[in-house]
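Residue strings, one per chain:
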Amino acid sequence: MFTGIITGVGQIVDSQPLGADATHGRRLTLQTPAGYLEGVGLGDSIAINGACMTVTSFDVAAGRFTIDVSAESLARTVGLDTLGAVNMEQALRTHDRLGGHLVTGHVDGVGDVTVFEPVGESWLLRIRAPRALARFLAYKGSITVNGVSLTVNQIEDAADGTTQFSINLIPHTIENTALGSLKAGSKVNLEVDLIARYVERMLTVEGKLPQ
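Residues numbered from 1 in each chain as written. Predicted model: local features only at pLDDT ≥ 70, side-chain atom pairs only at ≥ 80, totals over all residues. Heavy atoms only, no water.

A. Seen up close, the sheet that holds strand 5 (residues 64-69). An order of 1-2-5-4-3-6 is seen for the six strands of this closed barrel, with the pairing classed as antiparallel. When the angles between neighbouring strand axes are averaged without regard to direction, this sheet yields 45°. One ladder, built from six bridges, connects strand 2 (residues 26-31) with strand 5; its direction is antiparallel. Bridging across to strand 5, arginine 26 finds its partner in valine 69. (Pairing = 2+ DSSP bridges. Helix = DSSP H or I, 4+ residues; strand = E, 2+ residues; numbered from the N terminus. Axes fitted to C-alpha atoms, helices over the stretch in contact; angles between N-to-C directions.)

In structure tokens form, the structure reads like this:
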């Protein structure tokens, strides 16, 4: 489990195929900030741009670790197949503060950035959500964008069935995550609120199960 509070911005510095065709994934090498890997062990979970991944090797002194990303994960996420900056969060410990919201690290869909522009001291981020995720979005509800726990400030449901939602990013978020590199046309990983998923399941299954 995670909270959506980014603990470091890393860099994917190497990406190698794990096989000869598209059925194979890739092995990524990530560079981290100094001291980030202290206390990390083999098999630990680290969310990369919101996708939960397993540490397969690491070098504390060099500040580098590797993960193996399956073809399935590559097909259902963005930002894990190219070199560049990524948001990182180490897994939640039982005694940690829950500063964001409950995040599983399982990406529900990929959204499209339609607006990313400064508004006063902050930034307006507007994202077009996949149609299947629209029912999970709520005003002042939680959403994870590239692993960052954020609050929905506005929702617009269009006649064509598409939904866009808006988020206000404060300077601290821009400075301490990789969201500052977004632009109109960027694609982002989305994870909807965990509680909303369970509520949706309870409502849809009610009356369908045998008594």
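B. Summary view of the packing of aromatic side chains. Counting across every chain of the model gives one aromatic pair. On the numbers, 4.8 Å between centres and 25° between planes, the contact of phenylalanine 116 with tryptophan 123 is stacked. (Phe/Tyr/Trp six-rings, centres within 6.5 Å; stacked < 30°, edge-to-face > 60°.)

C. Just a nonpolar patch on the surface, in detail. Where nonpolar side chains cluster on the molecular surface, the patch consists of Ile195, Tyr198, Val199, Met202 and Leu203 and spans about 570 Å² of accessible area. Inspection of the secondary structure puts methionine 202 in helix 3 (residues 194-205). (Patch = residues over 30% accessible without salt bridge, like charges linked within 9 Å, V, L, I, M, F, W, Y side chains within 5 Å. Areas by Shrake-Rupley, 256 points an atom, 1.4 Å probe, with all protein chains shown as cover. Salt bridge = Lys/Arg side-chain N within 4 Å of Asp/Glu carboxyl O.)

D. Main features of the nonpolar core. Of all hydrophobic cores here, the largest spans 22 residues; its most connected members are Leu125, Ile127, Ile143, Val145, Leu150, Phe165 and Ile167. Put simply, the parts of the chain that give this core at least two residues each are strand 7 (109-119), strand 8 (122-129), strand 9 (142-145), strand 10 (148-151), strand 12 (163-169) and strand 13 (187-192). Apart from residues no more than four positions distant in its own chain, isoleucine 143 is found in contact with His101, Leu137, Val148, Ser149, Leu150, Val152, Phe165, Ile167, Glu191 and Val192. Core analysis: the second largest hydrophobic core is formed by 17 residues, Leu30, Leu37, Leu80 and Val86 among them. (Core = buried A, V, L, I, M, F, W, Y, C linked by side-chain atoms within 4.5 Å. Buried < 20%, exposed > 50% of the residue type's maximum accessible area, 1.4 Å probe, protein only. Contact = heavy atoms within 4.5 Å.)

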